[in-house]
Amino acid sequence: MPFTVEEIGYFTSKASFKYEVPRQGVFFRGHPGKIELLPHRGFEEALRDIEGFERIWVLFLFHRNAGWRPTVRPPVPPIDHERVGVFASRSPYRPNPIGISCVRLLSVENLTLNVDEADLLNGTPILDIKPYIPKADAFPEAKSGWVDLQNSLEWTVLSSPEFKAQSDWIAAACGWDLQSFAECQLCHSPLDASRRRVRVDSIRSRAELAFRTFRIAFSFDESRRQIELLQIYSGYSAEDLKAGEDIYGDKPIHRDFLAHFAQMPKA
């Protein structure tokens, strides 16, 4: 029979775009967010005793996703085929767009839960909260099906001093965290252009990754599985920046960026 659910609150953070968060929250340590529960619903009492738990399960709605397919291509597919059944995956496109994430609980302030390691976007509707209990919820010896057989070695992502200075400037200027974005995008299969806006120059072992209208130049060493983030440059040409049209509303940021950092040549 049909049924309905109602949100109990919303998640807030600096991550507003899907490409800004990893596919699993455990890879997003150090990027806290807040679960803000709705007032006048008795949730103050519902939160009683939760502060003693280090982790909590958060059930939420994939509010920006529409539609689903029976099979999906996971970020790191099985070694012998490309697609798996949606019920054998963590795909956010599901028959019922419900997600679950085990996040770290930092503190509770009235109706606000401060959390970390959450793979949720800003504005995500929260459906329920449950405590994580290791002796009941953790099964470290459990088999993981096709995941056990996949080639899932992570790449190390390093940053040059120049990239770090540029990334910090952009974060302070407009709140975009290109450092975190690049680390999330490049730690697995970084040269797979079918999954991200990346252009590869295999001869020079250089590549570029697109973040909105900025470009990130990086080098790669496939034998060591190592990435070095080198520089950030504007995706606009000098002629583009002189033009009056600004469909993305970000040309002032690029002009200020170029006033602080010389335009980098493309990788």
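Below is a summary of the structure that appears in this document. Sequence order sets the numbering: in each chain, residues are counted from 1 along the sequence as written. Given that this is a predicted model, residues contribute local features only at a pLDDT of at least 70 and side-chain atom pairs are listed and counted only at 80 or more, while totals for whole chains, interfaces and linings are drawn from all residues. Only heavy atoms go into the side-chain values, all of them from the structure, while hydrogens and water stay out.

To qualify as a helix, a DSSP run of H or I must reach at least 4 residues; to qualify as a strand, a run of E must reach at least 2; elements of each kind are numbered from the N terminus. In terms of regular secondary structure, the protein is built from six helices and 13 strands. Burial classes follow relative accessibility: with a 1.4 Å probe on protein chains only, a residue under 20% of its type's maximum area counts as buried, one over 50% as exposed, and anything between as partly exposed. Across the 267 residues of the protein, 40% fall into the buried class. What makes two residues a contact is simply this: any of their non-hydrogen atoms within 4.5 Å. Counting contacts in the protein only where the partners sit at least 6 residues apart, residues at least 24 apart contribute 67% of the total. With residues, only the protein chains shown are counted as cover, and all accessible areas are computed by Shrake-Rupley using a 1.4 Å probe. Surface exposure of the protein reaches about 15600 Å², of which carbon and sulfur atoms provide 54%.

Before going further, it helps to spend a moment on helix 3 (residues 161-174). Between its first and last C-alpha atoms helix 3 spans 20 Å; for 14 residues at 1.5 Å apiece the expected length is 20 Å, and the two agree. Taken residue by residue, helix 3 has Phe 163, Gln 166, Ser 167, Trp 169 and Ile 170 as its buried positions. For helix 3, the arc enclosing every buried residue in end-on projection is 160 degrees, short of the 170-degree limit, so these residues lie on one face. More than 90 degrees from the buried face of helix 3, the exposed residues found are Pro 161 and Ala 172. Check the buried side of helix 3 and you find it contacts strand 9 (156-159), helix 4 (178-186), strand 12 (214-221), strand 13 (226-234) and helix 6 (251-260). One less than the number of residues in a helix, times 1.5 Å, gives the span that helix is expected to have. Here, the arc refers to the directions that run from the helix axis to the C-beta atoms.

What follows deals with the pairing of strand 11 (residues 206-211). The element strand 11 is extensively covered by neighbouring structure, given that five of its six residues are classed as buried. Whether two strands pair comes down to DSSP finding at least two bridges between them. Alignment of strand 10 (residues 198-201) against strand 11, held across four bridges, turns out to be antiparallel. Pairing of Asp 201 across the sheet is with Arg 206, part of strand 11. Counted between consecutive antiparallel strands, the loop separating strand 10 from strand 11 contains four residues, among which Ser 205 sits at a positive phi close to 55 degrees. In this sheet, strand 12 lies alongside strand 11 in antiparallel orientation, the contact comprising six bridges. Opposite Ala 210, over in strand 12, you have Arg 215 as the bridge partner.

A word on the packing of aromatic side chains. Two aromatic rings, drawn from Phe, Tyr or Trp (for Trp, its six-membered ring), form a pair once their centres lie within 6.5 Å of each other, and the interplanar angle then sorts them: stacked below 30 degrees, edge-to-face above 60, tilted otherwise. This structure, assessed with the given rule, holds nine aromatic pairs. A ring pair is formed by Phe 181 and Phe 211, whose centres lie 4.8 Å apart and whose planes are at 70 degrees; its orientation type is edge-to-face. Of this pair, Phe 181 sits in helix 4 while Phe 211 sits in strand 11; the two residues are 30 residues apart in sequence, bridging distant segments of the chain. Taken together, a centroid distance of 5.3 Å and an interplanar angle of 80 degrees make the contact between Phe 214 and Phe 257 edge-to-face.

For the rest of this paragraph, the subject is the nonpolar core. One finds Ile 216, Phe 218 and Leu 229 to be the most contacted residues of the largest nonpolar core, which totals 24 residues. With residues near it in sequence (within four places) discarded, Phe 218 still touches Leu 186, Leu 191, Val 198, Ser 205, Arg 206, Ala 207, Glu 208, Leu 209, Ile 227, Glu 228, Leu 229 and Leu 230. Residues belong to one nonpolar core when they are buried, are Ala, Val, Leu, Ile, Met, Phe, Trp, Tyr or Cys, and are joined through side-chain atoms within 4.5 Å.

On to the pattern of salt bridges. For this analysis, a salt bridge means a side-chain nitrogen from Lys or Arg found within 4 Å of a carboxyl oxygen belonging to Asp or Glu. Applying the stated rule across the entire model yields 10 salt bridges. Linking Lys 130 and Asp 128 is a salt bridge whose minimum nitrogen-to-oxygen distance equals 3.3 Å. With a relative accessible area of 40%, Lys 130 lands in the partly exposed category. Through salt bridges with shared partners, a single ionic network connects Glu 54, Arg 55, Arg 104 and Glu 117.

For Thr 12, the position within the fold is in strand 1 (residues 9-12). Taking the relative accessible area as the measure of exposure, Thr 12 reaches 25% and is therefore partly exposed.

This paragraph deals with the packing of helix 3 against helix 6. Across the interface, helix 3 lies against helix 6 with an axial gap of 11 Å and an inter-helix angle of 145 degrees. Handedness of the helix 3/helix 6 crossing: right-handed. Taken together, the residues of helix 6 that come into contact with helix 3 (itself represented by Gln 166, Trp 169, Ile 170, Ala 173 and Cys 174) are Ile 253, Asp 256, Phe 257 and His 260. Residues that form the contact of helix 3 with helix 6 fall into these classes: six nonpolar, two polar and one charged. Angular values range over 0 to 180 degrees, each being the angle between N-to-C directions of two axes fitted as lines to C-alpha atoms, with helices fitted over their stretch in contact. In this scheme the handedness of a crossing depends on how the near helix is turned from the far one: anticlockwise by less than a right angle means left-handed, clockwise means right-handed. Each residue is assigned to one class: nonpolar for Ala, Val, Leu, Ile, Met, Phe, Trp, Tyr, Cys and Pro, charged for Asp, Glu, Lys and Arg, and polar for all the others, Gly among them.

What follows is about the side chain of Asp 119. When you line up the elements, Asp 119 lands in the loop between strand 7 (112-116) and strand 8 (125-131). Of the buried charged residues, Asp 119 lacks a salt bridge, with Arg 90 as the closest side chain of opposite charge at 6.5 Å. At 2.7 Å, the side chain of Asp 119 and the side chain of Ser 101 are in polar contact. Charged residues are defined narrowly, with Lys and Arg counted positive, Asp and Glu counted negative, and His plus the chain ends left uncounted. Nitrogen and oxygen atoms within 3.5 Å of one another constitute a polar contact, given that in protein one can donate a hydrogen and the other can accept it, and given that sequence-neighbouring residues count only through two side-chain atoms.

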